[in-house]
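Structure at a glance
Single-letter residue listing:
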Amino acid sequence: MKERLPLLAIVAIAGAIMGWSLPSGNVEVALTAFALAWLGVHYYMERLRKRGIILEDERILRISEISSRKTIQVIAVSMAIAVIVLSRFKTPKAEGAMIALDLALLAMIILQMAFYAYYSRRM
C-alpha cells in the first residue's frame, strides 16, 4: 500500500494545479500539469516494475477491462436516452445538446470499431 502513496500524491498535486489553472483561464498550465503527471506516474510504475513490485496482475487488469466496458455501455445507453428525450423539445439549446450527444455517440462508435480492428489484427 505504501507504494501507492507517491502515485496518489502525483495525481493530487496535478489535480490541484489543474483545478486552480482552468478557472483562471490557464489551459496551457493545466495541460502541462496533466502531461507531467502522466509522465511521473509512468516513470514511477516502471521503477516499481524493475524492482519487482507489481501493483496490477492479470486479475486486476481483467476486472478493469470489464468495468470499463460496462461503464461505456451504460454511458452510451444513457446518452441515447438523452437524445430521445431532447428530441421532444424544440428549443435551440435542446437541438444543440442533441447534436452534441449524437456526435459523441458517433465518435464512440467509430473509436470502438477502430480499436476492434486494431486489436483483432494485433492479437
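Residues numbered from 1 in each chain as written. Predicted model: local features only at pLDDT ≥ 70, side-chain atom pairs only at ≥ 80, totals over all residues. Heavy atoms only, no water.

Overview of the overall build of the chain
Within the chain, the secondary structure is distributed over 4 helices and 0 strands. Going from the N terminus to the C terminus, the chain shows its helices and strands as α-α-α-α. The C-alpha atoms of the chain give a radius of gyration of 20 Å, which is well past the 14 Å a tight globule of 123 residues would have. Across its three principal directions, the C-alpha atoms of the chain cover 60 × 45 × 25 Å. Counting all 123 residues of the chain, 14% fall into the buried class. Residue pairs in contact within the chain that sit at least 24 positions apart in sequence constitute 45% of those at least 6 positions apart. Working note: accessible area of the chain is about 10,000 Å², and carbon and sulfur atoms make up 70% of it. Averaging the coordinates of the 15 positive side-chain charges in the chain and doing the same for the 9 negative ones gives two points 3 Å apart. (Helix = DSSP H or I, 4+ residues; strand = E, 2+ residues; numbered from the N terminus. Rg over C-alpha atoms; globule rule 2.2 N^0.38 Å. Buried < 20%, exposed > 50% of the residue type's maximum accessible area, 1.4 Å probe, protein only. Contact = heavy atoms within 4.5 Å. Areas by Shrake-Rupley, 256 points an atom, 1.4 Å probe, with all protein chains shown as cover. Lys, Arg positive; Asp, Glu negative; His and termini not counted. Charge placed at Lys NZ, Arg CZ, Asp CG, Glu CD.)

Focus: the nonpolar core
As a rule of thumb, soluble globular proteins bury nonpolar side chains together. Counting residues in each nonpolar core, the largest one holds 6 residues, listed as M79, V83, L86, A94, L101 and L105. Mapped by element, the contributors of at least two residues to this core are α3 (58-86) and α4 (92-122). Setting aside residues up to four positions removed in sequence, M79 forms contacts with L101, A104, L105 and M108. Counting 5 residues, the second-largest nonpolar core is a separate cluster that includes L7, M45, L48 and L55. (Core = buried A, V, L, I, M, F, W, Y, C linked by side-chain atoms within 4.5 Å.)

Side note on the pattern of salt bridges
Under the criterion given, the structure shown has 2 salt bridges. A salt bridge links R49 to E46, with the nearest nitrogen and oxygen atoms 2.5 Å apart. Remark: E46 and R49 occur in helix α2 (residues 27-50); sequence separation between them is 3 residues, near one turn of the helix. Accessibility expressed as a relative area gives 46% for R49, which makes it partly exposed. Across the pair R62 and E65 runs a salt bridge whose closest N-O atoms are separated by 3.5 Å. Pair noted here: R62 and E65 are both in helix α3, with a separation of 3 residues, about one helical turn. (Salt bridge = Lys/Arg side-chain N within 4 Å of Asp/Glu carboxyl O.)

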